[in-house]
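# Results of the structural survey
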Amino acid sequence: LFRSKCLKAAGTNATVLIQGESGTGKELIAQAVHDNSPRHTGPFVAINCGAIPDALLESELFGHARGAFTGATSNRKGRFAQADGGTLFLDEINSMPLFLQSKLLRVLQDGSFRSLGGSETKRTNVKIIAATNVEPLEAIEKGQLRRDIYYRLSMMSIRIPPLRERKADIGHFVKFYVNKHNGTF
């Protein structure tokens, strides 16, 4: 079931929203979508929106211009620019502050953005895959997720059941992490 949904999602430029509890393999699914897409030779760039403080997340996503804030001594590319021609995976999208969700909406609409403190509009060509570990409609009701962002991100949706309901997949995860940590990945 996941394989067919992943292959279908990989074959389009449509945004993908992956839903599932923490630890269900959302990033692995995102990587599989990228690896099977026409963009597989481009970069796969992942960012955990919940792990970066709100004040830094805008710069991480969109980059910044020299002098944009204290300590910004040079221009810096953000994740959208780094992922150009490939895939950008936005994990824990529901943790992104609402003001950044509105900036994300602009990128989703026309592929344009401005770096923090920058004056020129930049363009990017990325496939966006987002993930959430909470029910999106509940996050909308709680004011954590904009409804328009949800509809833009969920052009294709993949819901991953928890591992306790997919015991046959546990061996695949064990093999993946053993290979990864043994350097044979």
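Counting buried residues in strand β3 (residues 87-91) gives 5 out of 5 residues, a clear majority hidden from the surface. A two-sided burial pattern is seen for β3, the buried positions comprising T87, F89 and D91 on one face and L88 and L90 on the other. For strand β2 (residues 44-48) and β3, the ladder comprises 5 bridges, and the chain directions are parallel. By the bridge assignment for β3, F44 is matched with T87.

Right, let's get into the layout of surface pockets. Computed from the structure, the largest pocket encloses a volume of approximately 980 Å³. As for the largest pocket, its lining consists of 32 residues, and the residues nearest its centre are G25, E27, L28, I29 and F173. Elements that contribute at least two residues to the lining of the largest pocket include exactly α1 (2-10), α2 (26-35) and α8 (170-182). Here the lining of the largest pocket is composed, by residue class, of 12 nonpolar, 10 polar and 10 charged.

With that settled, the discussion passes to the nonpolar core. Counting residues in hydrophobic clusters, the biggest one holds 29 residues, and the most contacted among them are F80, L90 and L104. Residue assignment for this core shows that the elements contributing at least two residues are β2, α3 (54-62), β3, α5 (98-110), β6 (127-132), α6 (136-141) and α7 (147-153). The biggest single contributor to this core is α5, with 5 residues. In this structure L104 touches F62, F80, L90, I93, M96, I128 and I149, once residues within four positions along its chain are discounted.

This part takes up unusual backbone geometry. Although it is not a glycine, E92 sits at a positive phi angle of roughly 55°. Position of E92 among the secondary structure elements: in the loop between β3 and α5. When its relative accessible area of 25% is taken as the criterion, E92 is described as partly exposed.

Before going further, it helps to spend a moment on α3. Of the residues making up α3, those classed as buried are L57, E58, S59, E60, L61 and F62. G63 sits one or two positions beyond α3 and adopts a positive phi of about 80°.

As a further point, take the packing of aromatic side chains. To describe a pair of aromatic rings, one takes the distance between the centres and the angle between the planes. Inspection of the entire model under this criterion finds 5 aromatic pairs. Considering the side-chain rings of F80 and F113, the 6.1 Å spacing of their centres and the 35° angle between planes classify their relative orientation as tilted. Of the two residues, F80 is situated in helix α4 (residues 79-82) and F113 in strand β4 (residues 112-113); the sequence distance between them amounts to 33 residues. Here the two residues F80 and F113 agree in accessibility, since each one is buried. When the ring of Y150 is compared with that of Y151, the centres are 5.2 Å apart and the planes differ by 55°; the resulting orientation is tilted. Each member of the aromatic cluster is reached from another via a ring pair, and the members are F62, F80 and F113. When the ring centre of F62 is taken as reference, the NZ or CZ atom of K103 above it lies at 5.8 Å.

Rules and cut-offs
Residues numbered from 1 in each chain as written. Predicted model: local features only at pLDDT ≥ 70, side-chain atom pairs only at ≥ 80, totals over all residues. Heavy atoms only, no water. Buried < 20%, exposed > 50% of the residue type's maximum accessible area, 1.4 Å probe, protein only. Helix = DSSP H or I, 4+ residues; strand = E, 2+ residues; numbered from the N terminus. Pairing = 2+ DSSP bridges. 1 Å grid on protein atoms, 1.4 Å probe; cavity = no way out; pocket = protein on both sides within 12 Å on 5 of 7 lines; lining within 4 Å. Points joined across faces, edges and corners; volume = space filled by probe spheres on them. Nonpolar A, V, L, I, M, F, W, Y, C, P; charged D, E, K, R; others polar. Core = buried A, V, L, I, M, F, W, Y, C linked by side-chain atoms within 4.5 Å. Contact = heavy atoms within 4.5 Å. Phe/Tyr/Trp six-rings, centres within 6.5 Å; stacked < 30°, edge-to-face > 60°. Lys NZ or Arg CZ within 6 Å of the ring centre and 35° of its normal.

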